[in-house]
Amino acid sequence: MSIVNDIRTAFSRRDNALNQLLLINIIVFVVLILIKAVAFLAGGAGIYETIVRLFSMPADLGALVRRPWSVLTYAFLHQGFLHIIFNLLNLYWFGSLVREYLGDRKLVSLYILGALAGAALFLLAYNLVPAYRNGPLAEVLGASGAVTAIIVAAATLLPDYTFSLILIGPVKIKYIAIVIVIISLAGIDGGNAGGEIAHIGGAIFGFSFIKLLQRGTDLGRPVQAIGDWLGGLFSGRPRLRVTHRNQPAEPAATRKGNIVKPEQDEIDLILDKISRSGYESLSKDEKQKLFRASQK
């Protein structure tokens, strides 16, 4: 089938992280719909709820010990079309910015670590905060925490980048991110309090990720290392170690993870181009130079 071939092609490419994340969420959603339909027709509707509960993350620590994988799998589960559509649209729009500017590996790191940060804040709230600890048992599912991390990361990286919203017009993404965070804060006493807390955890991580990256610290390195290890494991190719003799000393400007910053004249020209034609008119190289110049 051509659809199967398209999916296989999408996952075989190494520079296709955004589409891969979108596809994983869509495939899981479609599989769950099929399971729900078959279970209903077979008279076993409880099967669907059991499977969803198996991969959702519980607030109860005892239940979490029995299904530890849920700290990550919850971020790929969705219930309802509006739930998944809203998350995937935001993942595509804001993830495209992160991918274009920082690359596939950092996009994946943001998604995974944003999901874990949302899970961590959810667990802390429901086990330490009296308002939640004494309430009913809760579980969380959905990519919203991971997607919120990507939204806030993009807004922190490119605060003046604009999206054209229907009925509103051009809006800087920093204001979109602020509104999303405020909505989440306003909902912490509502029916989806656990989800809103996960959003806030993702937002905090997305902001911290970019700020630390601008100072030379990449929080995504462990995720990238695990990804490289898994890639080598499944590809079956032996890892090669390359050594160099008489390696010249590194320039002082590049030691300790520092990045050589562009000349001020180059930055001025780039800023002039932005003022004339907008940020979207910059080439990828110009965007990278602007980002390096911001690392102070």
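Throughout what follows, the structure given in this document is the object of discussion. None of these values were measured; they are calculated from a predicted model.

## Focus on the overall build of the protein
A count of helices and strands for the protein gives 14 helices and four strands. Counting across all 296 residues of the protein, residues that qualify as buried make up 40%. Sequence separation of at least 24 residues holds for 66% of the intrachain contacts in the protein that already meet a minimum separation of 6. Entry remark: accessible area of the protein is about 17,600 Å², with carbon and sulfur atoms responsible for 64%.

## A look at the packing of aromatic side chains
For the structure shown, the criterion picks out seven aromatic pairs. Ring centres of Phe205 and Phe209 lie 5.8 Å apart, and the angle between their planes is 50 degrees; this geometry places the pair in the tilted category. Here the residue Phe205 and the residue Phe209 both occupy positions in helix 11 (residues 193–214), the gap between them amounting to four residues, near one helical turn. We classify Phe209 as buried; its relative accessible area is 0%. A network of ring pairs unites the aromatic residues Phe94, Tyr161 and Phe163 as a single cluster.

## Some details on the pairing of strand 3 (residues 162–165)
Across four bridges, the pairing between strand 3 and strand 4 (residues 169–172) is antiparallel. Its bridge partner being in strand 4, Phe163 is matched across the sheet by Val171.

## Points about the nonpolar core
Ranked by internal contacts, the top residues of the largest apolar core, which has 66 residues, are Leu91, Tyr111, Tyr126 and Ile173. Looking at this core, the elements that each hand over two or more residues are helix 2 (17–41), helix 6 (81–102), helix 7 (104–128), helix 9 (144–157), helix 10 (173–186), helix 11, helix 13 (264–277) and helix 14 (284–293). If one sorts the elements of this core by residue count, helix 7 sits on top with twelve residues. Leave out the neighbours within four places in its chain, and Ile173 touches Phe94, Leu97, Ala154, Ala155, Leu158, Pro159, Tyr161 and Phe163.

## A few points about the packing of helix 7 against helix 9
Close contact between helix 7 and helix 9 brings their axes to 7 Å; oriented N to C, the two are set at 130 degrees. Considering their axes alone, helix 7 and helix 9 lie oblique with respect to each other. In the packing of helix 7 onto helix 9, the handedness of the crossing is right-handed. Counting all contacts with helix 7, which are made through Leu107, Leu110, Tyr111, Gly114 and Ala115, the residues of helix 9 involved are Gly145, Ala146, Ala149, Ile150 and Ala153. Residue composition of the contact of helix 7 with helix 9, by class: eight nonpolar, two polar and no charged.

## Some words on the pattern of salt bridges
Any two side chains of opposite charge can pair if their charged atoms end up close together. In total, this model carries five salt bridges according to the counting rule given. The residue Lys172 makes a salt bridge to Asp160 at a minimum N-O spacing of 3.6 Å. You can see Lys172 sitting in strand 4 and its partner Asp160 sitting in the loop between helix 9 and strand 3, a full twelve residues away along the chain. Given a relative accessible area of 45%, Asp160 falls into the partly exposed group. With its nearest N and O atoms 3.2 Å apart, the salt bridge here joins Lys174 to Asp160. Separated by 14 residues along the polypeptide, Lys174 in helix 10 and Asp160 in the loop between helix 9 and strand 3 bring together distant segments of the chain. Of the residues examined, Lys174 reaches a relative accessible area of 26% and is grouped as partly exposed. What you see here is one network of salt bridges that share partners, running through Asp160, Lys172 and Lys174.

## Considerations on the packing of helix 6 against helix 9
Where helix 6 meets helix 9, the closest approach of the two axes is 9 Å, and the angle between their N-to-C directions is 40 degrees. With respect to their mutual orientation, helix 6 and helix 9 come out oblique. Regarding helix 6 and helix 9, the two cross each other, and that crossing is left-handed. Residues His83, Asn87, Asn90, Leu91, Phe94, Gly95, Leu97, Val98, Tyr101 and Leu102 of helix 6 touch helix 9, and the partners they reach there are Ser144, Val147, Ile150, Ile151, Ala154 and Leu157. Counted by class, the contact of helix 6 with helix 9 contains eleven nonpolar, five polar and no charged residues.

## Things to note about helix 11
With 22 residues, helix 11 extends 32 Å between its outermost C-alpha atoms, agreeing within 8% with the 32 Å of an ideal straight helix rising 1.5 Å per residue. The buried fraction of helix 11 amounts to 17 of the 22 residues, a majority that puts the element mostly inside the structure. Looking one or two residues beyond helix 11, the residue adopting positive phi is Gly216, at roughly 100 degrees.

Analysis parameters
Residues numbered from 1 in each chain as written. Predicted model: local features only at pLDDT ≥ 70, side-chain atom pairs only at ≥ 80, totals over all residues. Heavy atoms only, no water. Helix = DSSP H or I, 4+ residues; strand = E, 2+ residues; numbered from the N terminus. Buried < 20%, exposed > 50% of the residue type's maximum accessible area, 1.4 Å probe, protein only. Contact = heavy atoms within 4.5 Å. Areas by Shrake-Rupley, 256 points an atom, 1.4 Å probe, with all protein chains shown as cover. Phe/Tyr/Trp six-rings, centres within 6.5 Å; stacked < 30°, edge-to-face > 60°. Pairing = 2+ DSSP bridges. Core = buried A, V, L, I, M, F, W, Y, C linked by side-chain atoms within 4.5 Å. Axes fitted to C-alpha atoms, helices over the stretch in contact; angles between N-to-C directions. Parallel < 35°, antiparallel > 145°, perpendicular 65-115°, else oblique. Left-handed = near helix turned anticlockwise from the far one by under 90°. Nonpolar A, V, L, I, M, F, W, Y, C, P; charged D, E, K, R; others polar. Salt bridge = Lys/Arg side-chain N within 4 Å of Asp/Glu carboxyl O. Expected span 1.5 Å × (residues − 1).

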